[in-house]
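Chain and residue survey
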Amino acid sequence: MFNVETFTSILFIIGIDIVLGGDNAVVIALACRNLPESHRGKAIMIGTALAVGLRIALTIVAVYLLMLPFLLIVGSLFLLYISFKLVIDSESSETIHSKFSFWGAIRTIVIADLIMGLDNVLAIAGASEGRLPLVVFGLLISIPIIVWGSRMIMHALDHFPVLIYIGAGILALTSGRMLTSAAELKPFFYIYPSMEWLIQFTFLIIVIVGGFLVRKLKGNIIYIQ
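As the structure is a computational prediction, the values presented were derived from the model and not from experiment.

Thresholds, definitions, all that
- Residues numbered from 1 in each chain as written.
- Predicted model: local features only at pLDDT ≥ 70, side-chain atom pairs only at ≥ 80, totals over all residues.
- Heavy atoms only, no water.
- Helix = DSSP H or I, 4+ residues; strand = E, 2+ residues; numbered from the N terminus.
- Buried < 20%, exposed > 50% of the residue type's maximum accessible area, 1.4 Å probe, protein only.
- Axes fitted to C-alpha atoms, helices over the stretch in contact; angles between N-to-C directions.
- Left-handed = near helix turned anticlockwise from the far one by under 90°.
- Contact = heavy atoms within 4.5 Å.
- Nonpolar A, V, L, I, M, F, W, Y, C, P; charged D, E, K, R; others polar.
- Parallel < 35°, antiparallel > 145°, perpendicular 65-115°, else oblique.
- Salt bridge = Lys/Arg side-chain N within 4 Å of Asp/Glu carboxyl O.
- Patch = residues over 30% accessible without salt bridge, like charges linked within 9 Å, V, L, I, M, F, W, Y side chains within 5 Å.
- Areas by Shrake-Rupley, 256 points an atom, 1.4 Å probe, with all protein chains shown as cover.

1. Topic: the environment of Pro-69
Inspection of the secondary structure puts Pro-69 in the loop between α3 (62-65) and α4 (71-88). The exposure class of Pro-69 is exposed, given its relative accessible area of 56%. Through-space distance from the C-alpha of Pro-69 to that of Ala-182 is 9.2 Å; in sequence the pair is 113 residues apart.

Here it is, written out as structure tokens:
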């Protein structure tokens, strides 16, 4: 039965998903930026729908999934790789793209969302108090917000390409936070707490500086305008 408690839970779930959707919007924008204008909208909708579907599935099995050893560590390193690849693979919007790029963008959106969802699905699961319909409802409502956010970011990237580095940097920091939150590494960071920010900073440097140098070697640099 719908009551004040249920309504409050829905608002809480939506709020959590909106906050956590910031990184998702960045991934979607970076992944779809190289697609032709005619394919961008379709890629955003398909990628977002698949990602939300997987997020719902993750939430259902969250408690068991996060018990897998070293899962956050592996996911963190894979997200770092995705962040780096989004930088070095970014090309001019004038480039002609193949059909593979369309599905490649969707694949990047889904995989990145799957990885980033590993450390936050428990928050949504907890807010729903085990009521799956509330989770689904909250996530479905968040779809237009994430899509709108990704379109805004992508529009900004078209006019200010240097923002690619900022977006990839956000993903790199997310990767670093995932690594430092892994249960297997908690004892180490308890002894050396300063290593947490050092690792996150290192990931940031790897993506931004490393990505810039690789792009320079490829002769495809984004110049600050």
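Let's pick the thread back up.
2. Description of the packing of helix α8 (residues 163-180) against helix α10 (residues 194-217)
Their axes nearest at 8 Å, the elements α8 and α10 cross at an angle of 145 degrees. By crossing handedness, the relation of α8 to α10 is classed as right-handed. Where α8 approaches α10, its residues Tyr-165, Ala-168, Gly-169, Ala-172, Leu-173, Ser-175, Gly-176, Arg-177, Leu-179 and Thr-180 are matched on the opposing element by Glu-196, Ile-199, Gln-200, Phe-203, Leu-204, Val-207, Ile-208, Phe-212 and Arg-215. Its residues assigned to classes, the contact of α8 with α10 shows 11 nonpolar, five polar and three charged.

3. Thoughts on the packing of α4 against α10
Geometrically, a packed helix pair is captured by the angle between its two axes and the distance between the axes. Relative orientation of the contacting elements α4 and α10 amounts to 30 degrees, with a least axis distance of 9 Å. What the angle tells us is that α4 and α10 run roughly parallel. Crossing of α4 over α10 shows right-handed handedness. The residues of α10 that touch α4, namely those facing Ser-76, Leu-77, Leu-80, Ser-83, Phe-84, Val-87 and Ile-88, are Phe-203, Ile-206, Val-207, Gly-210, Gly-211, Val-214 and Arg-215. When its residues are assigned to classes, the contact of α4 with α10 shows nine nonpolar, four polar and one charged.

4. Focus on the pattern of salt bridges
One pass over the structure, following the stated rule, counts two salt bridges. Between Glu-37 and Arg-40 there is a salt bridge, with its nearest N and O atoms 3.4 Å apart. Note that Glu-37 and Arg-40 are positioned in helix α2 (residues 37-60) at a spacing of three residues, about one turn of the helix. For Glu-37, a relative accessible area of 60% gives the class exposed. Put simply, Arg-40 and Asp-158 hold a salt bridge, and the shortest N to O gap is 2.7 Å. Separated by 118 residues along the polypeptide, Arg-40 in helix α2 and Asp-158 in helix α7 (residues 132-159) bring together distant segments of the chain. Each of Glu-37, Arg-40 and Asp-158 takes part in a single network of salt bridges with overlapping partners.

5. Digging into the environment of Met-45
In this structure, Met-45 sits in helix α2. Along the sequence, Met-45 and Pro-144 sit 99 residues apart, while their C-alpha atoms lie 9.3 Å from each other.

6. Re a nonpolar patch on the surface
Together, Trp-197, Leu-198, Phe-201, Ile-205, Val-209, Phe-212 and Leu-213 make up a nonpolar patch on the protein surface, roughly 640 Å² of accessible area in all. Following the sequence through the fold, Ile-205 ends up in helix α10.

Any functional reading would require information that these geometric values do not contain.
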